[in-house]
Amino acid sequence: MTYEAKRCGVQFSPPAIILMYTDKDTNQLRKRIIPVRNFSKFSDCCLAAERLKNHVRHQQYLGHVPVSQLERLHVVLRDHMQGRSLQHSLASFQVDPEEDLNKLNDDQLARKKGHMDKLFEQNRRHKDDPDFVYDIEVEFSPSDQGKCSWDGESDDEF
């Protein structure tokens, strides 16, 4: 039997991953509740997502679901166990250009970098793209800001 995942979600009580999928043989939409066992607020979400995807009972259903999506669902579940709101969990996946990434812990920084990598790959232009231009030259206007202290020094000192 072949299955095609349509939607994934998370259930907080009891902790579970909800999967909406279609059975390609019968073309019926079905719902599968996958309990998340042995998962606490201190668990590694990446490892839990890998374990769930490779589990014998669930791998035929989760075959086309990316591990990154399962990891995000586990992060939302873990943040809920830690007492954080859903808005806080979802905001941790967004990148704010004004945010200082040096002040984040390793887990939060890995989330932000993963999101930035995904956005980079979406916006990246390949040689095979129809709107690909090889050598783009852009003229920038001079800065409106005043001179800085390092601008006034001459290069003769070096």
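Before going into details, it helps to say that this report is about the structure given with it. What you see is a predicted model; the values in this text were computed from it and never measured.

It is worth spelling out the overall build of the protein at this point. Helix and strand counts for the protein stand at 4 helices and 3 strands. In sequence order, the secondary structure elements of the protein are arranged as β-β-β-α-α-α-α. Across the 158 residues that make up the protein, the buried fraction comes to 23%. Within the protein, counting contacts between residues at least 6 apart in sequence, those at least 24 apart form 35% of the total.

Before going further, it helps to examine a nonpolar patch on the surface. Taken together, the side chains of Val133, Ile136, Val138 and Phe140 make up a nonpolar region of the molecular surface, amounting to roughly 460 Å² of accessible area. Here Phe140 lies in the segment after α4 (106-123). Given the relative accessible area of 72%, Phe140 is considered exposed.

Before going further, it helps to examine the nonpolar core. Formed by 20 residues in total, the largest nonpolar core has its most connected members in Ile17, Leu19, Phe39, Leu52, Leu62 and Leu70. Where this core is concerned, the elements lending two or more residues are β2 (16-23), α1 (45-53) and α2 (67-81). Looking at which element gives the most residues to this core, the answer is α2, with 5 residues. Setting aside chain neighbours within four positions, we find Leu52 in contact with Ile17, Ile34, His58, Leu62, Leu70 and His74.

Attention now moves to the environment of Arg72. Along the chain, Arg72 turns up in helix α2. With relative accessibility at 31%, the residue Arg72 sits in the partly exposed group. With 63 residues separating them along the chain, Arg72 and Gly9 place their C-alpha atoms 10.0 Å apart. In this structure Arg72 touches Phe93 and Lys118, once residues within four positions along its chain are discounted.

For α4, spanning 18 residues, the distance from its first C-alpha to its last is 26 Å, which sits close to the expected 26 Å at 1.5 Å a residue. Buried within α4 are the following residues: Arg111, Lys112 and His115. In an axial view of α4, the angular spread of the buried residues amounts to 95 degrees, which keeps them on one side of the axis. When the buried face of α4 is taken as reference, the exposed residues oriented beyond 90 degrees from it are Asp106, Asp117 and Phe120. Each element contacted by the buried residues of α4 is listed here: α2 and α3 (86-91).

Take the side chain of His115 next. Within the secondary structure layout, His115 lies in helix α4. Those residues in contact with His115, other than ones at most four positions away along the chain, are Phe93, Gln94 and Val95.

This paragraph deals with the pairing of strand β3 (residues 28-35). With 8 bridges joining them, β2 and β3 adopt antiparallel strand pairing. What sits directly across from Asp23, in β3, is Gln28. Linking β2 to β3, which pair antiparallel, is a turn of 4 residues; within it Asn27 sits at a positive phi near 60 degrees.

Summed over all chains, the structure comprises 3 aromatic pairs. Centroid distance Tyr3 to Tyr21: 5.2 Å. Interplanar angle 90 degrees. Geometry classified as edge-to-face. Residue Tyr3 is located in strand β1 (residues 3-11), and its partner Tyr21 is located in strand β2; the two are separated by 18 residues in the primary sequence. Of the residues examined, Tyr3 reaches a relative accessible area of 9% and is grouped as buried.

Reading guide: rules and limits
- Residues numbered from 1 in each chain as written.
- Predicted model: local features only at pLDDT ≥ 70, side-chain atom pairs only at ≥ 80, totals over all residues.
- Heavy atoms only, no water.
- Helix = DSSP H or I, 4+ residues; strand = E, 2+ residues; numbered from the N terminus.
- Buried < 20%, exposed > 50% of the residue type's maximum accessible area, 1.4 Å probe, protein only.
- Contact = heavy atoms within 4.5 Å.
- Patch = residues over 30% accessible without salt bridge, like charges linked within 9 Å, V, L, I, M, F, W, Y side chains within 5 Å.
- Areas by Shrake-Rupley, 256 points an atom, 1.4 Å probe, with all protein chains shown as cover.
- Salt bridge = Lys/Arg side-chain N within 4 Å of Asp/Glu carboxyl O.
- Core = buried A, V, L, I, M, F, W, Y, C linked by side-chain atoms within 4.5 Å.
- Expected span 1.5 Å × (residues − 1).
- Arc of directions from axis to C-beta.
- Pairing = 2+ DSSP bridges.
- Phe/Tyr/Trp six-rings, centres within 6.5 Å; stacked < 30°, edge-to-face > 60°.

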